[in-house]
Amino acid sequence: MIIMKLYVDDDIYLRDIVDSDEEYKRLYSWCLNPSVYEYFEQRVLSYDEVVNKYKRRVGNEDVKTLIIVYKNKEIGLVQYEKMDDDDRKKFCILLDNVVSIDIFIGDNSFYGLGIGSRVVKYISKYLLSNFDMVIANVQSSNSNSINMCLKSGFKELRKVDYSDTLGNSTKNILLYLR
């Protein structure tokens, strides 16, 4: 299997997720981080749940998952997937060729360094070469992610009612880039 690498800049590259115990242990440790599960999963996942979730994404082009590597250390992930008809209808998006992105930095010691903004700017530019719009669906209480998206050139599209991974109703903000 050929591992794709996308070079963001001299310090950061993105690589394909790989099927290995080391990879799943790293993802599990990130998912234990309260600032990750609060907004990304809404609960702590077991190790088996992490393996089941991400094993299906290895080599999966429908939900492309990339590991963020900063100065040769894996620190987080970014993933994207083409929005289906149901999601576009739910969010009143009229364009057909739309992709949604998610990102998290799993290691708090790398917060505040602008890494997330650099990755979002890069991956958005990369995606806009193949898609008409990039969407970030962010919980309205996640001010750090909202600010990161705005700094990366995204604009607010609208506020939406949303159900998190536990089925709880939340208010989210759809941000977009074209």
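Residues numbered from 1 in each chain as written. Predicted model: local features only at pLDDT ≥ 70, side-chain atom pairs only at ≥ 80, totals over all residues. Heavy atoms only, no water.

K.L.:
Which residues make up the overall build of the protein chain, and what values do they have?
P.N.:
Tallying secondary structure elements over the protein chain gives 6 helices and 8 strands in all. Secondary structure elements of the protein chain, listed N to C terminal, follow the sequence β-β-α-α-α-β-β-α-β-α-β-α-β-β. In terms of overall dimensions, the protein chain is globule-like: its C-alpha atoms have a radius of gyration of 15 Å, near the 16 Å expected for 178 residues. Once the C-alpha set of the protein chain is aligned to its principal axes, its extents read approximately 40 × 35 × 30 Å. Within the protein chain, the fraction of its 178 residues that count as buried is 46%. Considering only contacts in the protein chain between residues 6 or more positions apart, those separated by 24 or more positions represent 60%. When the accessible surface of the protein chain is split by element, carbon and sulfur atoms take 47% of a total near 9500 Å². If the 25 positive side-chain charges of the protein chain are averaged to one point and the 27 negative ones to another, these points end up 4 Å apart. (Helix = DSSP H or I, 4+ residues; strand = E, 2+ residues; numbered from the N terminus. Rg over C-alpha atoms; globule rule 2.2 N^0.38 Å. Buried < 20%, exposed > 50% of the residue type's maximum accessible area, 1.4 Å probe, protein only. Contact = heavy atoms within 4.5 Å. Areas by Shrake-Rupley, 256 points an atom, 1.4 Å probe, with all protein chains shown as cover. Lys, Arg positive; Asp, Glu negative; His and termini not counted. Charge placed at Lys NZ, Arg CZ, Asp CG, Glu CD.)

K.L.:
Give me the packing of helix 1 (residues 21-31) against helix 3 (residues 47-55): which residues, what numbers.
P.N.:
Relative to each other, helix 1 and helix 3 sit at 115 degrees, their axes nearing to 9 Å. In the crossing of helix 1 with helix 3, the sense of the turn from one axis to the other is right-handed. In this structure, helix 1 contributes Asp-21, Tyr-24, Lys-25, Leu-27, Tyr-28 and Cys-31 to the contact, and helix 3 contributes Tyr-47, Val-50, Val-51, Tyr-54 and Lys-55. When the residues that make up the contact of helix 1 with helix 3 are grouped by side-chain class, the tally is 8 nonpolar, no polar and 3 charged. (Axes fitted to C-alpha atoms, helices over the stretch in contact; angles between N-to-C directions. Left-handed = near helix turned anticlockwise from the far one by under 90°. Nonpolar A, V, L, I, M, F, W, Y, C, P; charged D, E, K, R; others polar.)

K.L.:
Report on the nonpolar core, specifying residues and quantitative values.
P.N.:
Membership of the largest hydrophobic core comes to 31 residues, with the highest contact counts inside it found for Leu-14, Ile-68, Ile-115 and Phe-154. Listed by contribution, the elements that provide at least two residues to this core are strand 2 (12-16), strand 3 (63-70), strand 4 (73-82), strand 5 (98-105), helix 5 (115-128), strand 6 (133-139), helix 6 (143-151) and strand 8 (169-177). Here this core gets 5 residues from one element, more than from any other, and that element is helix 5. Excluding anything up to four places from it in sequence, Ile-115 contacts Ile-12, Ile-68, Tyr-70, Ile-75, Ile-105 and Phe-110. The next biggest cluster of nonpolar side chains, apart from the first, holds 15 residues, and it includes Leu-45, Val-50, Tyr-54 and Leu-77. (Core = buried A, V, L, I, M, F, W, Y, C linked by side-chain atoms within 4.5 Å.)

K.L.:
Before we move on, could you go through the confidence of the model for the protein chain and cite the residues and values that matter?
P.N.:
Averaged over every residue, the pLDDT of the protein chain is 91; the share at 70 or more is 96%. Mean pLDDT across the elements of the protein chain ranges from a minimum in helix 2 (residues 34-41), with 76, to a maximum in strand 2, with 97. (pLDDT = per-residue confidence, 0-100.)

K.L.:
Please provide a residue-by-residue account of the side chain of Ser-124, values included.
P.N.:
For Ser-124, the location among the structural elements is in helix 5. Judged by relative accessible area, which is 0%, Ser-124 ranks as buried. A polar contact of 2.7 Å, which involves the side chain of Ser-124, links it to the backbone oxygen of Val-120. (Polar contact = N/O pair within 3.5 Å; in protein donor to acceptor, adjacent residues only side chain to side chain.)

K.L.:
Explain the pattern of salt bridges to me, using residue names and the numbers behind them.
P.N.:
Evaluated as defined, the whole model comprises 16 salt bridges. Across the pair Arg-88 and Asp-96 runs a salt bridge, and its minimum N-O distance is 3.3 Å. Look at Arg-88 and you get buried, because its relative accessible area is 8%. Among the residues examined, Asp-96 registers a relative accessible area of 54% and is labelled exposed. A salt bridge links Asp-161 to Lys-171; the nearest nitrogen and oxygen atoms lie 2.4 Å apart. A residue pair is termed long-range when its members are at least 10 positions apart, and Asp-161 in strand 7 (residues 155-163) and Lys-171 in strand 8 qualify at 10 residues. With a relative accessible area of 52%, Lys-171 lands in the exposed category. (Salt bridge = Lys/Arg side-chain N within 4 Å of Asp/Glu carboxyl O.)

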